[in-house]
Amino acid sequence: MTPNGSRGLVSLVGAGPGDRALLTLGAAERLRAAELVLYDALVSPEVIELASRAQCFSVGKRAGRRSVPQNTIIRVMIRASRRGRHVVRLKGGDPFVLGRGGEEGLALRAAGIPFEVLQGVSAAIAAPALAGIPVTHRGLASGFVVVSGHDESSYAPILESLAPDSATVVVLMGLTQRRTIARCLLDRGWPPDTSVAIASDAATPAAHTWTGSLEQLGRTASPHPQDATGTIIIGAVVDLATVLASPPATDAAQTAEGKG
Ligand SMILES: C[S@@+](CC[C@H](N)C(=O)[O-])C[C@H]1O[C@@H](n2cnc3c(N)ncnc32)[C@H](O)[C@@H]1O
């Protein structure tokens with residue numbers, strides 16, 4: 001039975017960045033109840049395992065294989081829900097953050113299919129946080145901008161509109177274009193020594209963080225394996241990671257500090 005009674009339903013569910021601990025309770029509940037799950041490439045196996053009653057199909061692009069076309073995914077969801085099945089469309093991070101969740105919602109609405117959205121923890125904030133980087137910090141950045149680094153025509157107008165050091169810049173899908181992204185900000189007047197981090201495969205056992213400067217980002221060879229999934233973070237907040245990740249002061253040091 002679907003959460004809305006016997007009619008079919010599509011749940012657009014955010015799986016978070018990977019670790020099951022970052023899945024919402026609502027998402028876990030929907031997965032346990034699902035009859036059909038269509039999941040994207042970046043969803044971790046430990047999250048998919050929760051859908052123990054469902055038929056599960058990967059529809060994302062992985063290891064050189066092509067993804068299932070978007071209109072096929074939509075057709076399958078519509079057909080299954082018209083048969084009264086509970087479909088979970090499971091996406092990495094949050095479905096509404098660079099995840100095409102809006103497009104799928106519009107297509108379902110046009111077809112008269114009931115659907116709901118269960119938000120997820122987006123890599124846009126989880127990847128920086130897991131690397132020890134707060135995207136805002138009083139005195140350093142009072143806002144952050146998230147852009148898709150997939151293609152220059154989408155990120156360039158946004159980056160060109162940002163005054164140097166005015167916000168933290170978070171780039172998803174930007175590893176391939178990292179040189180052009182760096183050039184865009186340097187041309188806009190951002191200092192070459194602006195701190196940069198690339199948090200890759202966050203919330204997975206392969207998690208790794210590269211740090212450097214904006215200038216280095218522009219010339220570095222790939223700091224990650226070819227198939228790594230990375231989020232680029234640009235701005236002064238990156239420097240906080242070292243301090244936040246350092247071990248707490250010992251009691252003795254604290255006592256000495258207190259006496260000094
Ligand atoms: C197509 S976008 C989807 C974003 C997703 N809807 C979200 O809210 O996280 C995929 C991009 O998210 C980022 N990303 C996703 N998972 C990540 C992870 N575990 N570690 C670092 N970055 C990740 C990468 O930049 C990747 O190219």
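This text gives an overview of the structure that appears in the document. (Residues numbered from 1 in each chain as written. Predicted model: local features only at pLDDT ≥ 70, side-chain atom pairs only at ≥ 80, totals over all residues.)

### Overview of the sheet that holds strand S3 (residues 55-58)
Then, in step 1: Spatially, S3-S2-S4-S1-S5 is the arrangement adopted by the five strands of the open sheet, whose pairing is parallel. Single-partner strands in this sheet number two, and they are S3 and strand S5 (115-118). The mean inter-strand angle of the sheet, taken between neighbouring strand axes irrespective of direction, is 15 degrees. (Pairing = 2+ DSSP bridges. Helix = DSSP H or I, 4+ residues; strand = E, 2+ residues; numbered from the N terminus. Axes fitted to C-alpha atoms, helices over the stretch in contact; angles between N-to-C directions.)

### Overview of unusual backbone geometry
Then, in step 1: Phi is positive for Asp165, which is not a glycine, with a value near 60 degrees.
Then, in step 2: Tracing the chain through its elements places Asp165 in the loop between helix H6 (152-160) and strand S7 (168-172).
Then, in step 3: Overall, the presence of 15 C-beta atoms within 10 Å leaves Asp165 in the partly exposed class. (Buried ≥ 20, exposed ≤ 12 C-beta atoms within 10 Å, placed from the backbone.)

### Brief notes about the packing of H6 against helix H7 (residues 178-187)
Then, in step 1: At a minimum axis separation of 9 Å, H6 and H7 run at an interaxial angle of 25 degrees. With respect to H7, the element H6 is oriented roughly parallel. In this structure, the crossing between H6 and H7 has a hand that is right-handed. Along the contact surface, H6 presents Glu152, Tyr155, Ala156, Leu159 and Glu160, while H7 presents Thr180, Ile181, Cys184 and Leu185. (Parallel < 35°, antiparallel > 145°, perpendicular 65-115°, else oblique. Left-handed = near helix turned anticlockwise from the far one by under 90°. Contact = placed C-beta atoms within 7 Å.)

### A look at the site of the ligand
Then, in step 1: Among the 25 residues in the neighbourhood of the ligand, the closest are listed as Gly93, Gly99, Ser122, Ala123 and Ala202.
Then, in step 2: Those elements giving two or more residues to the shell around the ligand turn out to be helix H5 (123-130), strand S8 (195-200) and strand S10 (230-234).
Then, in step 3: A per-element tally of the shell around the ligand places H5 first, with three residues.
Then, in step 4: Here the shell around the ligand is composed, by residue class, of 12 nonpolar, 10 polar and three charged. (Near = placed C-beta within 6 Å. Nonpolar A, V, L, I, M, F, W, Y, C, P; charged D, E, K, R; others polar.)

### Observations concerning H5
Then, in step 1: Counting buried positions along H5 yields seven of eight residues, so the element is predominantly enclosed.
Then, in step 2: All of the buried residues in H5 are Ala123, Ala124, Ile125, Ala126, Ala127, Pro128 and Leu130.
Then, in step 3: Looking at the buried positions of H5, the neighbouring elements they touch are strand S6 (144-148), S7, S8 and S10.
Then, in step 4: After H5 finishes, the residue Gly132 shows a positive phi value of roughly 85 degrees.

### A short note on the nonpolar core
Then, in step 1: Judged by nonpolar contacts, the single largest core of 69 residues is most densely connected at Val37, Ala126, Ala197 and Ile233.
Then, in step 2: In terms of residues, this core owes the most to one element, H5, which gives six residues.
Then, in step 3: Each of domain 1 (9-121) and domain 2 (124-244) contributes no fewer than three residues to this core.
Then, in step 4: Not counting residues up to four positions away in its chain, the partners in contact with Ile233 are Pro128, Ile133, Thr168, Val170, Val196, Ala197, Ala199 and Val238. (Core = buried A, V, L, I, M, F, W, Y, C linked by C-beta atoms within 7 Å. Domains from an automatic or database assignment.)

### Concerning the pairing of S7
Then, in step 1: Burial within S7 is extensive, with five of its five residues counted as buried.
Then, in step 2: The two faces of S7 match: Thr168, Val170 and Leu172 on one face and Val169 and Val171 on the other face are all buried.
Then, in step 3: In this region the chain leaves S6, passes through H6 and returns to the parallel neighbour S7; the handedness of that crossover is right-handed. (Right-handed = clockwise from strand over helix to strand, strands pointing away.)

### What about the sheet that holds S6?
Then, in step 1: Reading across the sheet, the five strands line up as S6-S7-S10-S8-S9 and stay open at both edges, with mixed pairing between neighbours. Sheet topology places S6 and strand S9 (208-213) at the edges, where each strand pairs with a single neighbour. On average, each strand axis in the sheet is tilted by 20 degrees relative to the strand beside it, whichever way the strands run.

### With respect to the environment of Ser213
Then, in step 1: Here Ser213 is to be found in strand S9.
Then, in step 2: With 18 residues separating them along the chain, Ser213 and Ser195 place their C-alpha atoms 4.6 Å apart.
Then, in step 3: For Ser213, the residues in contact, after removing those within four places along its chain, are Pro192, Asp193, Thr194, Ser195 and Val196.

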